[in-house]
Amino acid sequence: MKIQENISLKPYNTFGIDKKARFFTIASSIEELRKAIAYAQEKGIELFILGGGSNILLTSDQDKLVIKNELTGIQVTASTDEFVWVKVGSGVIWHDLVGYAISKNWGGIENLSLIPGTVGASPMQNIGAYGVELKDVFDSLEALHIASGELHRFDNPSCEFGYRESIFKHRLKNQYIITSVTFRLSKKPQLNTTYGAIQETLNDFKVKTPTVKAVSDAVIYIRQSKLPDPAKIGNAGSFFKNPTISKAHFEKLQSAFPTIPGYPNEEGIKVPAGWLIEQAGWKGQRFGEVGVHEKQALVLVNYGNGEGSDIEALSQKIQQSIAKKFGIMLHPEVNFL
Ligand code: EPU
C-alpha cells in the first residue's frame, strides 16, 4: 500500500475543485482497505472514502487519509428462470455495470444509465432517475466496519432507503466502507418507459418494441441533451433535492404561480427544484467561474477554476431567493466536505 502526501483532489471530483488531501492512497482489495484503516488509526486521522467523486463539494483541504476505492469485479452469485443476482465490487464505475447488464439483456438498471460515480456510492444516496431507484433492484451489500475490521452484510430494509437517502448518510455515517453490492436483475425485463421523455424519445428513435438497450440509449440521449458532461464542465448532477411541501402550501403557491408542477407523494407534493430555481431567474446565470447550468437549473457548474466556497456561496444565495419567493427551503443533495 502506497501512501502519498499532499495530493490534489482535482482529478478525483467531478466538480473539478482543486483541494488537497494530506494523505492519499488507492485500495484495490479489502486487505488494502484494512491496512489503510490501520494507518489512519495509527496517525489519529480521519478517513474519507472516495468513489467517483461525483456527489461531493470540496470546500477545504482535507486533513485526512483519502482512500480511492478501486475494488473491482462483477460476479453472478445466483440465478433462476426470472432473476440473476450479481455481486459487484464497490469501485466499479456505475455505468460500466449498466453496460454489462445491457450486454446480457438483464433488466432493472437501464433507466439509471450514465449516472456518474461508482457502485459503492449508489446505495449511499439511493441513486435514482426516470422512475427507477437503486432500492428497486438492490438485494444486499457488504461493508467493512471501520472500528472492528469485520465485514457486515446489509439487506434492503436494513439500509433504510429513502429519496436520495440511506442509513449510511445518517446513523452509520463514516462507520462503514461499502465493499460490494449485490443486485437482483431481471432476465425477463419489465421496461419502465412512462417517466418523462423516455417514450417520446423511443418514438423519435422509431423503436416499436423497446429492449433494455433501447431504453438505455434513450436515457443516455435525454441526459446528454440536458446535463453537462463533467469531463467538460465541472458539476455534480442535481445540486439540491426536490422538496416536498404540504398540499395547503402547494395550493397557495398555485394561485400565485398557476403553472407550478407538483407530484403527490406520501408526505405531500413534490415540486421540481429546477422549476423553482428557473422561475427565480437563476437559470444560465454565470458568476465568474461558477454558475447555474443553462439547460437544467438544478445543476450548479464550475467553468474551470471555481472554488468549492464559490459554489457554496452561490447555493446559499439560491436557497435564500427560493425561501423568499416560494417559502420553500431547498436542501443540498451534494455532500459538502
Ligand atoms: N424544470 C424546470 N427548469 C429546469 C429544470 C427542471 O422547469 O431548469 C422542471 C420541469 O418542470 C421538469 C421538471 O422540473 O419537467 C423535472 O425536471 P427533470 O426531469 O430534469 O428532473 P429533476 O427533477 O430536475 C430528477 C433527479 C435527477 C434525475 C432526473 C430524471 C433529483 C434531485 N434529481 O431531476 O437526478 O436524473 O430527475 O429522473 O431528484 C441527480 O440526482 O444528480 C440527478 C441528475
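See the structure printed just above.
Residue indices follow the written sequence of each chain, beginning from 1 at its first position. A pLDDT threshold of at least 70 governs which residues receive local features in this predicted model, and a stricter bar of 80 or more applies before side-chain atom pairs are shown or counted, although totals over entire chains, interfaces and linings include all residues. Hydrogens and water are ignored here; the side-chain numbers use all heavy atoms of the structure.

A.B. asks: I would appreciate a short explanation of helix H2 (residues 94–103) in the present structure.
C.D. replies: In an α-helix, one full turn covers 3.6 residues, which means residues spaced three or four apart are oriented alike. When accessible area is computed with a 1.4 Å probe and restricted to protein chains, residues below 20% of their type maximum are described as buried, those above 50% as exposed, and intermediate ones as partly exposed. Strands are runs of DSSP state E lasting at least two residues, helices are runs of H or I lasting at least four, and both sets are numbered from the N terminus onward. All of the buried residues along H2 are Trp-94, Leu-97, Val-98, Ala-101 and Ile-102. Taken end-on, H2 shows its buried residues confined to a sector of 135°, consistent with a single buried face. Here, two residues are considered to be in contact whenever any of their heavy atoms come within 4.5 Å of each other. Looking at the packing, one finds that the buried side of H2 touches strand E6 (74–79), strand E7 (83–89), strand E12 (176–186) and helix H4 (212–226). The directions from the helix axis to the C-beta atoms are what the arc is built from.

A.B. asks: Would you mind showing me how to read the pattern of salt bridges here?
C.D. replies: Two side chains that carry opposite charge are able to pair once their charged atoms sit near each other. Criterion for a salt bridge: a side-chain nitrogen of Lys or Arg within 4 Å of a carboxyl oxygen of Asp or Glu. With the rule as written, the count across this model stands at 15 salt bridges. For Asp-63, the salt bridge is made with Arg-22, and the minimal N-O distance between the two is 2.9 Å. Separated by 41 residues along the polypeptide, Asp-63 in strand E5 (residues 62–69) and Arg-22 in strand E2 (residues 20–27) bring together distant segments of the chain. Taking relative accessible area as the criterion, Arg-22 reaches 34% and is therefore assigned partly exposed. In this structure, Glu-31 engages Arg-34 in a salt bridge whose closest nitrogen and oxygen atoms are separated by 3.1 Å. In this pair, Glu-31 and Arg-34 are both assigned in helix H1 (residues 30–43), 3 residues apart and thus about one turn of the helix distant. The exposure class assigned to Glu-31 is partly exposed, which follows from its relative accessible area of 44%. Among the charged side chains, a network of salt bridges with common partners joins Glu-133, Lys-135 and Asp-136.

A.B. asks: Got a minute to help me understand unusual backbone geometry in this structure?
C.D. replies: Glycine aside, a negative phi is what most residues show, and trans is what most peptide bonds show. Here Glu-160, not a glycine, exhibits a phi torsion of approximately 50°, which is positive. By secondary structure assignment, the location of Glu-160 is in the loop between strand E11 (151–155) and E12. Glu-160 sits in the partly exposed class, given a relative accessible area of 47%. Positive phi, normally seen in glycine, also occurs at Arg-164, with a value near 55°. Along the chain, Arg-164 falls in the loop between E11 and E12. We classify Arg-164 as buried; its relative accessible area is 14%.

A.B. asks: Honestly, the side chain of Ser-140 in this entry has me stumped. Any pointers?
C.D. replies: Relative to the helices and strands, Ser-140 resides in strand E10 (residues 138–145). Judged by relative accessible area, which is 5%, Ser-140 ranks as buried. Counting of polar contacts relies on pairs of N or O atoms within 3.5 Å, with two restrictions inside protein: one atom must be capable of donating a hydrogen and the other of accepting it, and residues adjacent in sequence are counted only when both atoms are side-chain atoms. A polar contact of 2.9 Å, which involves the side chain of Ser-140, links it to the side chain of Asp-139. Those residues in contact with Ser-140 that lie beyond four places of it in its chain are Arg-153, Phe-154, Asp-155, Val-181 and Thr-182.

A.B. asks: Just to check I follow, could you spell out the packing of aromatic side chains for this structure?
C.D. replies: Here a Phe, Tyr or Trp ring, Trp counted by its six-membered ring, pairs with any other such ring whose centre lies within 6.5 Å, and the pair is stacked when the planes are under 30 degrees apart, edge-to-face when over 60, and tilted otherwise. Throughout the structure, instances matching the rule amount to 17 aromatic pairs. Considering the side-chain rings of Trp-94 and Phe-183, the 5.8 Å spacing of their centres and the 70° angle between planes classify their relative orientation as edge-to-face. Separated by 89 residues along the polypeptide, Trp-94 in helix H2 and Phe-183 in strand E12 bring together distant segments of the chain. Residue classification places Trp-94 among the buried positions, given a relative accessible area of 0%. A residue is classified by how much of its surface remains accessible, and Phe-183, at 1% relative accessible area, is buried. Seen in terms of ring centroids, Tyr-130 and Tyr-195 are 5.8 Å apart; in terms of plane orientation they differ by 80°. Their pairing is edge-to-face. Remark: Tyr-195 occurs in the loop between E12 and helix H3 (198–204) and Tyr-130 occurs in the loop between strand E8 (128–129) and strand E9 (132–133); sequence separation between them is 65 residues. Judged by relative accessible area, which is 13%, Tyr-130 ranks as buried. Ring-pair connections join several aromatic residues into one group, and the members of that group are Phe-15, Phe-239, Phe-240 and Phe-336. To sit over a ring, a charge needs its Lys NZ or Arg CZ within 6 Å of the ring centre and within 35 degrees of the ring normal. Its end group placed over the ring of Tyr-163, Lys-270 keeps NZ or CZ at 3.4 Å from the ring centre.

Read these as layout, nothing more, since geometry by itself doesn't imply function.
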